Amino acid sequence: MTTEKNYRNDAYAKVSGRAAYADDVNFAGALHMVPVYADFVAATNLQIDCADALRSPGCVRVLTAADVPGSCTYGQIEQDYPILVRDTIRSWGDVVALVLADTREQALAAAALVKVTATPQKPLLTIEEAMDPYARVIPSYGNSNIVVHHAMRHGNPDPEFAGCELVLEEDFETQTIEQAYMEPESAISVPRHDGVIEIYGSMQHPFSTRRFTAAFLGEPLSNFEVYTIAVGGGFGGKDDTAACVCARTALAARLLRRPVKMTYTREWSIRESYKRHPYKLHYKVGFSSEGQIMAVQAKILADSGAYLSVSPWVTWRSTAQCCGAYSVENVHADVYAVATNNVFTGAMRGFGSPQVNFAIEQLMDMAAVQLGIHPLGIRRMNMVKQGSRTVTGQLLDNHTVSLEEVMNKVVHEIGYRKKFEQCSRGKSEGDTLYGIGLAISYRGSSLGAEGMDFCTSIINGQYDGSILVESGIHENGQGSESVMLLVLAEELGVNLKRLRYRRGSTSNIPDSGTTVATRGTIMGSSSVLIAARKFKELLAGHLAERLRCKPEDVRFHDDKIWGLSFDYSLTWEEAMKELFLQRVTPYAFGTFQAPDVSWDDTTGQGNAYFTYVYSCQAVELEIDKKTGKIKLLNIVAGHDIGKAINRAMVLGQMHGGIAQGVGMALMEEILRPEGRISTLNFDAYKIPRTTDLPEISGIIVENHDPNSLTGAKGIGEPALELIAPAIANAVFNASGKRFRSMPIKINPEDLE
Amino acid sequence: MNKLQLNGREIEVQDSDLSMTLLRFLRERHFLYGVKNGCEQGLCGSCTIVVDGKAMRSCKFPVQKAVGKSLITIEGMEYPDGRVHPIQQAFMDAGAIQCGFCTPGMVLAAYVLLLENPQPTREQIRKALRGNLCRCTGYQHIIDAVELAAKIMHDQGLPVQAGCLQGQSA
Ligand code: FES
Ligand code: FES
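The model shown is predicted, which means the values in this text are computed figures rather than measured ones.

Reading the values: the criteria
- Residues numbered from 1 in each chain as written.
- Chains lettered and ligands numbered in written order.
- Predicted model: local features only at pLDDT ≥ 70, side-chain atom pairs only at ≥ 80, totals over all residues.
- Heavy atoms only, no water.
- Helix = DSSP H or I, 4+ residues; strand = E, 2+ residues; numbered from the N terminus.
- Contact = heavy atoms within 4.5 Å.
- Buried area = accessible area lost by both parts, 1.4 Å probe.
- Salt bridge = Lys/Arg side-chain N within 4 Å of Asp/Glu carboxyl O.
- Polar contact = N/O pair within 3.5 Å; in protein donor to acceptor, adjacent residues only side chain to side chain.
- Nonpolar A, V, L, I, M, F, W, Y, C, P; charged D, E, K, R; others polar.
- Phe/Tyr/Trp six-rings, centres within 6.5 Å; stacked < 30°, edge-to-face > 60°.
- Buried < 20%, exposed > 50% of the residue type's maximum accessible area, 1.4 Å probe, protein only.
- Lys NZ or Arg CZ within 6 Å of the ring centre and 35° of its normal.
- Pairing = 2+ DSSP bridges.
- Axes fitted to C-alpha atoms, helices over the stretch in contact; angles between N-to-C directions.
- Domains from an automatic or database assignment.

Comments concerning the environment of A214(A)
Residues and elements named next belong to chain A.
Item 1. Mapped onto the elements, A214 comes out in helix α5 (residues 206-217).
Item 2. C-alpha separation for the pair A214 and E272, spaced 58 residues apart in sequence, amounts to 21 Å.
Item 3. Once residues within four sequence positions are removed from consideration, A214 is found in contact with E219, P220, L221 and F224.

Focus: the interface of chain A and chain B
Item 1. Contacts between the two partners involve 53 residues from chain A, matched on the other side by 47 residues from chain B.
Item 2. Carbon and sulfur atoms supply 53% of the area that chain A and chain B bury against each other, a total of about 4000 Å² over both sides.
Item 3. Contact with chain B buries surface across chain A, with V15(A), M182(A) and T690(A) losing the most and accounting together for 19% of the total.
Item 4. Counting across the chain A and chain B interface gives eight salt bridges.
Item 5. Here E105(A) makes a salt bridge to R24(B), at a shortest N to O gap of 3.4 Å.
Item 6. Our count for the contact surface shared by chain A and chain B stands at 32 residue pairs in polar contact (both at pLDDT 80 or more).
Item 7. Elements that contribute at least two residues to the side of chain A that touches chain B include exactly α1 (11-15), α7 (266-272), α16 (647-666) and β27 (695-701) of chain A.
Item 8. For the side of chain A that touches chain B, the leading source of residues is α16(A), giving eight residues.
Item 9. Residues that form the side of chain A that touches chain B fall into these classes: 21 nonpolar, 17 polar and 15 charged.

Quick word on the packing of aromatic side chains
Item 1. A full pass over the atoms with the stated rule returns 21 aromatic pairs over all chains.
Item 2. Pairing Y609(A) with Y612(A) gives two aromatic rings, centres 5.8 Å apart and planes at 80°, and the pair type is edge-to-face. No difference in accessibility class separates Y609(A) from Y612(A), as the two residues are buried.
Item 3. An aromatic cluster of at least three residues, connected via ring pairs, comprises W316(A), Y442(A), W599(A), Y609(A), Y612(A) and Y614(A).
Item 4. Sitting over the ring of W92(A), R271(A) keeps its end group 3.6 Å from the ring centre.
Item 5. Between the NZ or CZ atom of K65(B) and the centre of the ring of F61(B), over which it lies, the distance is 5.0 Å.

Looking at the sheet that holds strand β25 (residues 612-624) of chain A
All names here are of chain A.
Item 1. Read from one edge of the open sheet, four strands run β17-β25-β26-β27, paired in mixed fashion. Each end of this open sheet is capped by a strand with a single partner; those strands are β17 (432-444) and β27. Shown here is a sheet whose adjacent strand axes are inclined to one another by a mean of 15°, direction ignored.
Item 2. Relative to β27, strand β26 (residues 630-640) runs parallel, the two being bridged by seven bridges. Residue pairing in the sheet places N634 in a bridge with E695 of β27.
Item 3. Against the sheet, α16 engages β25, β26 and β27, with an angle of about 125° to β27.

Topic: the sheet that holds strand β21 (residues 555-557) of chain A
Residues and elements named next belong to chain A.
Item 1. Taken together, the three strands give an open sheet; going across it, the order is β21-β22-β23, and neighbouring strands pair in antiparallel fashion. Two strands close off the open sheet at either side, each with one partner strand: β21 and β23 (569-571). In this sheet, neighbouring strand axes are inclined to one another by 25° on average, regardless of whether the strands run parallel or antiparallel.
Item 2. Those strands touched by helix α15 (residues 572-581) are β21, β22 (560-562) and β23, and its axis lies near 90° from that of β23.

Let's talk about the domain arrangement of chain A
All names here are of chain A.
Item 1. Domain annotation of chain A identifies domain 1 (20-121 + 184-272), domain 2 (279-448 + 600-751) and domain 3 (454-593).
Item 2. Between the C-alpha centres of domain 1 and domain 3 there is a distance of 39 Å.
Item 3. Tallying the contact residues gives 17 residues for domain 1 and 19 residues for domain 3.
Item 4. When domain 1 packs against domain 3, the two sides together hide about 1400 Å² of surface, and 51% of this comes from carbon and sulfur.
Item 5. When the buried area of domain 1 at its contact with domain 3 is split by residue, Q204, F207 and T228 rank highest and sum to 44% of it.
Item 6. Remark: the boundary between domain 1 and domain 3 carries one salt bridge.
Item 7. Note that R211 and D511 form a salt bridge whose closest N and O atoms lie 2.5 Å from each other.
Item 8. For the pair domain 1 and domain 3, the number of links is six residue pairs in polar contact (both at pLDDT 80 or more).
Item 9. Broken down by class, the residue content of the side of domain 1 that touches domain 3 amounts to nine nonpolar, four polar and four charged.

Written as structure tokens, this is what we have:
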């Protein structure tokens, strides 16, 4: 049965204002908690004096590291992130105490009275300072500020450069970016009669939240039940920090035996939460006279800030994708993450690829100009094709490699060829300069060799014919529950009305990893399909007799269950009742394991990802000669995502990803003079508004992917990873000037 | 006694609440959780409500100044029988909802625009929604939704008025 293509199970709740986000969840008798920061960037010998705060009206308790029964620090890879600081402050975002009071106002007033003293240290704020061999070692583990080094050794580039027609050696820089989900972090924890603490939080990963909480309280995982509720955006940014917000409320709820709520202000959210890694990239690329890339050498440095978070995984993706969408025989790359006293960096949509794409896709245009080749020609010559080997040595033969098809579609739709000829290149009659630019990318789907990749789903038939489904994938507002419902409705041939998604909790389904890396669709729906197939097999076995056919001949369509002939059919109501009469539970459990991937850490070689998404984005823009202001005129984006299960949702993800990429290219930047973030709210941290964006057209290319049971691969991250270099290329074609760092700001004097 | 109209009903305001912001007043005293707090500094538009037909940021609006005025929140947009307003329907039909945190403010900003200008151009829609940030959608489907709502209300001759007000006059 075909289904409504823009269906969302949460649309009504959200459009009517009824969807409950964490701060909308209330329990009688809850205490309010607020964090206390210390105005240090780096310091030791932390001392906290709570006496005045405790005397403040309504204040109930002040919690510090001394109250923590478990581990004060935790993390996804290294357990180094302080949920509460014990002795050493490593960044301006560190939390030193928690103040509880009857009302939020009272908690805020008391928090202002907490006195913090410490011995300041000289903050190390640049990668260069931190890499100095004599620099103080910032991390609590290991013995160096270089906390990650990934190497890729593919062929040997060194001897190749001499024979190249053109060798480009260029430096690029990308900035610190805030995810800027519209809903700041919030959590409420509630002690339950049986000793379990229930947690409702604005976080993107209930299982990660549970791990942080259990470690912090020193209790088993099963003592906490983390529920899925509406989340106001995450974009990768609601893992570690958001999990800590939950863990802190759980600690307070345990110690005070009452519900405890903590809701962040925007300022706290930006001060404390992890950001996108700023990168410094040095590339040396050799081209033949025809434009073939002969050799690449790259050294890439990422500022990981004070704590590790997922820096090893982010930089791993940068390593695996360091040559963009191109096949290159000789590549040596070294990617480092360096600890500094900046607020830490971690996961954000795009995850290590927007930075490398910003460099590579500009280098391609630079080489095209210098060699006198068309930008499309040089891309076509070098891009990965069916049967190509990637720079990690992976043979691309298990799915359709459609990069050229995608690029052609975008080029055609926007009219790139003709418009490319019309670019101003620094000269124009009027007040504006015109330019068009594009970029291409391929992106490994799901976690790849970064992590464990599997997901489970449960289908639970009810005796009246209705059906409950749940999976280990967490809804972050992107609509993953709805996608899974659509997939299930189609597989069972039932009306969507028959299906309900069961609100997830960490206590009723196995840990299925986080909703990151564009894996929600591919993993979640594949596991739903596996469960659905088992479910159908079970039903067929028990209903075949009544349908007068063999189990393998039972069919599921048109909201009924059918035998071989149309004379025999059962409604779902009849079928479910029949199963219950046979004392059989109509219940199925499905697990999807991602296909195998492999990785050799010393050479950076292997089958990095089990499949790839192919993308091209193009943009037209205008530069005002007097002000230098850039106005985007039009964006066209094409992505081969395998299959669109919900078109409106896929397009929505494209538009949103592009908007975030535009923000990165033109306006966003976390400023942190002396390690203290000064861009703490939307007046200083500017994200794109309606008037900053042009009309965006999305082209969905669908080459069903055999590696995913539904054929779909997901769109969340590819959408964001390549508009910035496309804009940089368009700015060059308009102005004749190259911008090697972001955000791109044009000084009108530079245009003369 | 201080009074104001809230979603079509007259309510009384305690003197002690007069210094609160409308954001806190509506959430904490009237449990209208559709009024969202994204920045509390008048910068994001998540807390947008309608005060005497104008879009206002409730996080910067003292209750004192609202006395005697008529307020509409997202909860007042639907009809008394629970049907959603055509603008809300259009948001659903155009796929304009992702995380939904900006949605109440967006719907109300669109409502105020359509009250003043029932058939705006896309450019006019962009200008009217400039103060409302959305991090999920890139605004494309939101603009589509407002365009669609305008068309449907025009084609079917539906009144723009918020559902709670229509219920009253009916
Ligand atoms: S919460 Fe009022 S404008 Fe952001
Ligand atoms: S839908 Fe998430 S902020 Fe607009």
